[in-house]
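Reading the structure
If you want the building blocks of each chain, they are given just below.
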Protein chains: 2
Amino acid sequence: MNAAEIKSGIESCLKAQAFDAKQPKHLYEPMAYLLEHEAKRVRPVLAVLAYRYCGGQNLEGMIETATAIELVHNFTLMHDDIMDHAPTRRGKATVHEKWDTNIAILSGDALFALAYPLLIKNFPHQASELVNFFTKVVVEVCEGQMEDMDLAGSATGGIPAYLEMIRKKTAVLIGGSLGIGAIAAGASKETVNKIYQAGELMGIGFQLQDDLLDVYAAQADFGKQVGGDIIENKKTYLLLRAMEKADRYRKEALLNWMQHQGNATEKIAGVIQLFNELEIREEVEAKISGYFREAETVLNSLQDEAGKAELLSYLEMVFQRKK
Amino acid sequence: MNAAEIKSGIESCLKAQAFDAKQPKHLYEPMAYLLEHEAKRVRPVLAVLAYRYCGGQNLEGMIETATAIELVHNFTLMHDDIMDHAPTRRGKATVHEKWDTNIAILSGDALFALAYPLLIKNFPHQASELVNFFTKVVVEVCEGQMEDMDLAGSATGGIPAYLEMIRKKTAVLIGGSLGIGAIAAGASKETVNKIYQAGELMGIGFQLQDDLLDVYAAQADFGKQVGGDIIENKKTYLLLRAMEKADRYRKEALLNWMQHQGNATEKIAGVIQLFNELEIREEVEAKISGYFREAETVLNSLQDEAGKAELLSYLEMVFQRKK
């Protein structure tokens, strides 16, 4: 089973939940709707690859466990979209837009609950460990989302707080997916920790890449509007670092652009010029490489079991993306 | 350990979670705040009593498991209050009023997650069974809340739909608490089912009692405003049954009162007069007795183990309330 086949196993397992056939409709239809959106299923695929790397034999069973991770990921999307007032997700109306906020709250709650039985179904001997680990991951994701909202509303909050926030909000679930695969396979605590840690490092690098692409991607390759973060004055790593590095005059210029009410293209160009003068791109690229190198060091310290090459190449493919 | 001592064990365990000391504050303070409200802790006490009745010896451990039920109960309150736009809960501002909706969503999510490790902590051999049972209960509670919202917005929806809604929204968690105690004690499937069923029947009776008390309680004894449901035109069992029983003229009179814009005291008196003419009170009282008798029959069919008398007397005390 290669990564593409694992992904299609996840898709089948998602369909087998048959949320579109359950009652009451307003509770289950939004789950089916959100899960039908085209998606890469990175997290569950990682979980299955980590499971196989750690010697797990019950791939079919692990696919169900991995699907639980995708359910939780989608539960967080459903609730985050309410909190962020997001009108669309993956090009389609968000659940709270298509239905309403109450339905998005409640459907998300039930989706989250339904993940737990699926998580442990095929690994009863690891049930406690899986539940504890999984919960810790989800709670950190919630902490990350709260820190994100706190930072957005605060004038302070520097780079360390930003990195800690993206660690929790994004990277923990990447690392957690790998960790769950390792736990299900009965790996040692040391292996679980290492594989988790590598995933977390890659997750942070991945999110920084996301910040970078938002500014520097070629529009033709990029799913969203290039410069979207700049238009919204989003406190990304790039903006925070630019504010740190800028001299008095450039700081004032940046703050002026942030209050700019006119043409968005001009604003984007103006901010990018400042980023370029401050060599933000080079700096962030170096930082991302640093995270990936650190992750690779951890991964290389893992034993050379069957499945390691495939796990590594999938990680590389997913996280070294250019768009 | 009597019921009062169990309750104080639950309170200690809730305090031991130390939510007020955790970061980020906006995630954890609302949990501490809501859990500090004075409450009867009926569900966790029932779980511990059921555990003891089923021969469980690790009462301290069971108190932690039972506390997980209280966490989930409070998670549902936090989210239901958003959906119902409730300004107060137990006499204090609701979480979304005191903080905001986003905080109430996210804090509730994390509170729910945190229940799972606590649920299984001391009963690793029953971990899978506890997680599956608990999840089924929570999902039914979500279904009940959705059905409640669906019914509130619909012109149709008769008594069977109403009874099914209150079964899920209220009774399932009462029965579920008893069931969790039985599962933790390693009781047979038959005992778990019976004790669950008895709790569910009592829970339905309890909710109907609530509908009745809202209209017929003595104001001095009653925590809320008597007649609150009537003012809000809430589709309670009483109103649904009155609409069924009423002849053409009384139906019109009821509908007129429901559209009454003037004095609330007059509206309450007018609706109560119609209820009285239709003998709604007597009928609902008989129905409630029916549920309690049915529950007692199930409970009496349980074996006479130590702790049965205390379980029964607590159930009687809690559910045969007059205020």
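See the structure printed just above.
The present account deals with the structure reproduced in this document. This structure is a prediction, so every number in the text was calculated from the model and none was measured.

Each value, and the rule that gives it
- Starting from 1, residues in each chain are numbered consecutively following that chain's sequence as written.
- Throughout, the order in which chains and ligands are written sets their labels, letters from A for the former and numbers from 1 for the latter.
- Local features in this predicted model are restricted to residues of pLDDT 70 or higher, and side-chain atom pairs are both shown and tallied only at a pLDDT of 80 or more, whereas totals for entire chains, interfaces and linings draw on every residue.
- No hydrogens and no water enter the side-chain calculation; it runs on all heavy atoms of the structure.
- Only DSSP runs of H or I reaching four residues or more are called helices, and only runs of E reaching two or more are called strands; each is numbered from the N terminus.
- Just to be clear, the radius of gyration here is over C-alpha atoms, and the globule rule we use is 2.2 Å times residues to the power 0.38.
- Summary of the burial criterion: residues with accessible area below 20% of their type's maximum are buried, those above 50% are exposed, and those between are partly exposed, where the area comes from a 1.4 Å probe applied to protein chains only.
- Contacts were defined at the residue level, with two residues in contact if any of their heavy atoms lie within 4.5 Å.
- Where accessible areas are quoted, they stem from the Shrake-Rupley method and a 1.4 Å probe; at the residue level, only the protein chains shown are allowed to cover.
- His residues and chain termini do not enter the charge count, which takes Lys and Arg as positive and Asp and Glu as negative.
- A charged residue contributes its charge at one atom only: NZ of Lys, CZ of Arg, CG of Asp or CD of Glu.
- Whenever a carboxyl oxygen of Asp or Glu lies within 4 Å of a side-chain nitrogen of Lys or Arg, that contact is scored as a salt bridge.
- As used here, buried area is the combined drop in accessible area, with a 1.4 Å probe, of two parts when they are placed together.

**A closer look at the overall build of chain A**
Looking only at helices and strands, chain A features 15 helices and 2 strands. Against the 2.2 N^0.38 benchmark of 20 Å for 323 residues, chain A shows a C-alpha radius of gyration of 20 Å, consistent with a compact globule. Referenced to the eigenvectors of the C-alpha coordinate spread, the extents of chain A come out at roughly 60 × 50 × 35 Å. Of all 323 residues assigned to chain A, the portion counted as buried reaches 58%. Expressed as a percentage of contacts within chain A between residues at least 6 apart in sequence, the contacts between residues at least 24 apart total 74%. Total accessible area on chain A is roughly 13,700 Å²; 50% of this is exposed by carbon and sulfur atoms. Positive and negative side-chain charges in chain A, numbering 35 and 45 respectively, have mean positions lying 1 Å apart.

**Some details on unusual backbone geometry**
With an omega of -10°, the peptide bond between glutamine 23 of chain A and proline 24 of chain A qualifies as cis. Take proline 24 of chain A: it is sitting in the loop between helix H1 (3-16) and helix H2 (25-36). Its identity is not glycine, yet asparagine 233 of chain B carries a phi of approximately 55°, on the positive side. Position of asparagine 233 of chain B among the secondary structure elements: in the loop between helix H10 (228-231) and helix H11 (237-245). Judged by relative accessible area, which is 25%, asparagine 233 of chain B ranks as partly exposed.

**So, the pattern of salt bridges**
Side chains carrying opposite charge are able to pair once their charged atoms draw close together. Taken as a whole and judged by the stated rule, the model has 50 salt bridges over all chains. For glutamate 244 of chain A, the salt bridge identified is with arginine 241 of chain A, shortest N-O distance 2.6 Å. Here the residue glutamate 244 of chain A and the residue arginine 241 of chain A both occupy positions in helix H11 (residues 237-245), the gap between them amounting to 3 residues, near one helical turn. What makes arginine 241 of chain A buried here is its relative accessible area of 19%. Across the pair lysine 168 of chain B and glutamate 147 of chain B runs a salt bridge whose closest N-O atoms are separated by 2.9 Å.

**Section: the interface of chain A and chain B**
Opposite the 36 residues of chain A that make contact, chain B presents 36 residues. For the pair chain A and chain B, the two sides together bury roughly 3,100 Å², of which 75% comes from carbon and sulfur. Ranking the residues of chain A by area buried against chain B places Asn102, Leu106 and Met146 of chain A at the top, with a combined share of 18%. Counting across the chain A and chain B interface gives 0 salt bridges.

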